[in-house]
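Residue-level structural notes
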Amino acid sequence: MREIPFYTTSLLLSPVLIWQGLKARKTIPRLPEASGPNFGEFPGPNPFHLLVLGESTVAGVGIPDYKSSLTGQIASALKNKSGRKIFWKAIGQSGITLEEAKEKFGSRLPESFPDAIVIALGANDVVKLNSQKKWSSDLQDLIDLCRTKYPSAPVFIAGVPPLGIFPALPKTMRFVLGWKARLLDQASSYLSAKLENVFHIPMRKIGSLSPDGIFCSDGFHPSIKGCSIWGEEIADSILAAATKS
């Protein structure tokens, strides 16, 4: 978890990063969050409850409705692959970091016990260049928050978004933020390996694809297609873990 090379590089490039960051803020369009209810169900037998906590992707930024966003896509894939009745709920907020999530989401957790909890955060921690140590500590706190309310529910940590392929970002920013995203995702993997009933899901599919078609018009948030690809990958991991348990 050594970060000296990263911070040395980012310090050397800081004038460029500051200039590119200011430019990106002005040029990246602000898209609305998804409309409609942030919960739903897919019919079938043997109910399964899915709870997804996260940032703008979970809030459905750039997506017309929650059913088409990441949470709905995970639920749809779970339904198609298992045949079960899927109840799903999304708790998301655009621009939120892990630290902010652990402070704000506690009061919003539903009373119904989830069969799987997905944590999908990281892009904003990457942009703020939060350290691996802070990321791991905040992630542990959020997991503990979930454990307090749902002691035996499995927790799935979604991969940190690969900002290195985000079309909206200039080349130098993509390089630095992509590097930072990989470091935080590595920290997620290390932490999950130490904890019982906690699973890390690296974002392999989207990270290996051409960005064409998998991003919204802002070049920063995943499109419906991007959410579908990512959602299926997460659903596969949830079902694989359920099979082993």
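Report on the accompanying structure. Note that the coordinates shown come from a computational prediction; the quantities given were computed from them, not determined experimentally.

Turning our attention to the overall build of the chain. Within the chain, the secondary structure is distributed over 10 helices and six strands. Residues counted as buried form 50% of the 245 residues belonging to the chain. For the chain, the share of sequence-separated contacts (at least 6 apart) that also reach a separation of at least 24 residues comes to 81%. Accessible area for the chain stands at about 11300 Å²; split by element, carbon and sulfur atoms hold 56% of it.

Tallying each qualifying case throughout the model produces eight salt bridges. Residue Glu232 is joined to Lys81 by a salt bridge in which the shortest nitrogen-to-oxygen separation is 3.2 Å. Taken together, the positions of Glu232 in helix H10 (residues 224–244) and Lys81 in helix H4 (residues 70–82) put the pair 151 residues apart, joining distant regions of the chain. By relative accessible area, which is 31% here, Glu232 ends up partly exposed. Lys81 is the partner of Asp236 in a salt bridge, and the nearest nitrogen-oxygen pair spans 3.1 Å. Pair noted here: Asp236 is in helix H10 and Lys81 is in helix H4, with a separation of 155 residues, a long-range link. Assessed through its relative accessible area of 40%, Lys81 is described here as partly exposed. Each of Glu99, Lys102, Lys134, Asp138 and Asp141 takes part in one network of salt bridges that share partners.

Moving on, we come to empty space enclosed by the protein. Rolled over the atoms, a probe with the dimensions of a water molecule shows which regions are left empty. The full count for this structure, using the stated rule, is two cavities of 30 Å³ or more. Here the largest cavity defines a volume of roughly 80 Å³. If you go around the largest cavity, the residues you meet are Thr57, Pro161, Pro162, Phe166, Met203, Ile206, Ile214, Phe215, Pro222 and Trp230. Taken together, the residues of the lining of the largest cavity break down into nine nonpolar, one polar and no charged. Lining the second largest cavity, in full, are Glu55, Ser56, Thr57, Ala123, Pro161, Phe166, Phe220, His221 and Pro222. Per-class residue counts for the lining of the second largest cavity are five nonpolar, three polar and one charged.

Turning our attention to the side chain of Asp125. Tracing the backbone shows Asp125 in helix H6 (residues 123–127). Nearest to the buried, unbridged Asp125 among oppositely charged side chains is Lys134, at 6.2 Å. A distance of 3.0 Å separates a polar atom in the side chain of Asp125 from a polar atom in the side chain of Asn130. Not counting the four nearest positions on each side in its chain, Asp125 is found in contact with Thr97, Leu98, Asn130, Trp135 and Leu184.

For helix H7 (residues 132–149), built from 18 residues, the straight-helix expectation of 26 Å at 1.5 Å per residue is met to within 8% by its first-to-last C-alpha distance of 26 Å. Three or more residues of H7 are buried, namely Gln132, Trp135, Ser136, Asp138, Leu139, Leu142, Ile143, Cys146 and Arg147.

Attention shifts here to the environment of Ser136. As for its placement among the helices and strands, Ser136 is situated in helix H7. Judged by relative accessible area, Ser136 falls into the buried class, the value being 16%.

It is worth spelling out the sheet that holds strand E3 (residues 86–92) at this point. Backbone-to-backbone hydrogen bonds join strands into a sheet, with any given pair of strands oriented parallel or antiparallel. Spatial strand order, E1-E3-E2-E4-E5-E6: six strands in an open sheet with mixed pairing. This sheet does not close on itself; its edge strands, each paired only once, are strand E1 (39–42) and strand E6 (198–201). Averaged over neighbouring strand pairs, the angle between their axes works out to 20° when direction is ignored. Two strands pair when backbone bridges link them, and strand E2 (residues 48–54) and E3 are joined in this way by seven bridges, in the parallel orientation. Counterpart to Leu50 in the pairing with E3 is Trp88. Against the sheet, helix H8 (residues 171–194) makes contact with strand E5 (155–158) and E6, and its axis sits at roughly 155° relative to E6, the strand it touches most.

Working definition: the covalent bond between the sulfur atoms of two cysteines is a disulfide. Within this structure, the stated rule accounts for zero disulfides. Lacking any disulfide linkage, Cys216 is separated from the closest cysteine sulfur, that of Cys227, by 7.0 Å.

With that settled, consider the packing of aromatic side chains. A complete count under the given rule lists five aromatic pairs for this structure. Between Phe156 and Phe199, the aromatic rings sit 5.0 Å apart at their centres with planes inclined by 20°, giving stacked as the arrangement. You can see Phe156 sitting in strand E5 and its partner Phe199 sitting in strand E6, a full 43 residues away along the chain. Note on Phe166 and Phe215: the rings are 5.1 Å apart at their centroids and 70° apart in plane angle, and the pair reads as edge-to-face. Note that Phe166 is positioned in the loop between E5 and H8 and Phe215 in the loop between helix H9 (204–207) and H10, a separation of 49 residues in sequence. Judged by its relative accessible area of 12%, Phe215 is buried. In this structure an aromatic cluster arises from ring pairing among Phe166, Phe215 and Phe220.

What counts and how
- Residues numbered from 1 in each chain as written.
- Predicted model: local features only at pLDDT ≥ 70, side-chain atom pairs only at ≥ 80, totals over all residues.
- Heavy atoms only, no water.
- Helix = DSSP H or I, 4+ residues; strand = E, 2+ residues; numbered from the N terminus.
- Buried < 20%, exposed > 50% of the residue type's maximum accessible area, 1.4 Å probe, protein only.
- Contact = heavy atoms within 4.5 Å.
- Areas by Shrake-Rupley, 256 points an atom, 1.4 Å probe, with all protein chains shown as cover.
- Salt bridge = Lys/Arg side-chain N within 4 Å of Asp/Glu carboxyl O.
- 1 Å grid on protein atoms, 1.4 Å probe; cavity = no way out; pocket = protein on both sides within 12 Å on 5 of 7 lines; lining within 4 Å.
- Points joined across faces, edges and corners; volume = space filled by probe spheres on them.
- Nonpolar A, V, L, I, M, F, W, Y, C, P; charged D, E, K, R; others polar.
- Lys, Arg positive; Asp, Glu negative; His and termini not counted.
- Polar contact = N/O pair within 3.5 Å; in protein donor to acceptor, adjacent residues only side chain to side chain.
- Expected span 1.5 Å × (residues − 1).
- Pairing = 2+ DSSP bridges.
- Axes fitted to C-alpha atoms, helices over the stretch in contact; angles between N-to-C directions.
- Disulfide = S-S within 2.5 Å.
- Phe/Tyr/Trp six-rings, centres within 6.5 Å; stacked < 30°, edge-to-face > 60°.

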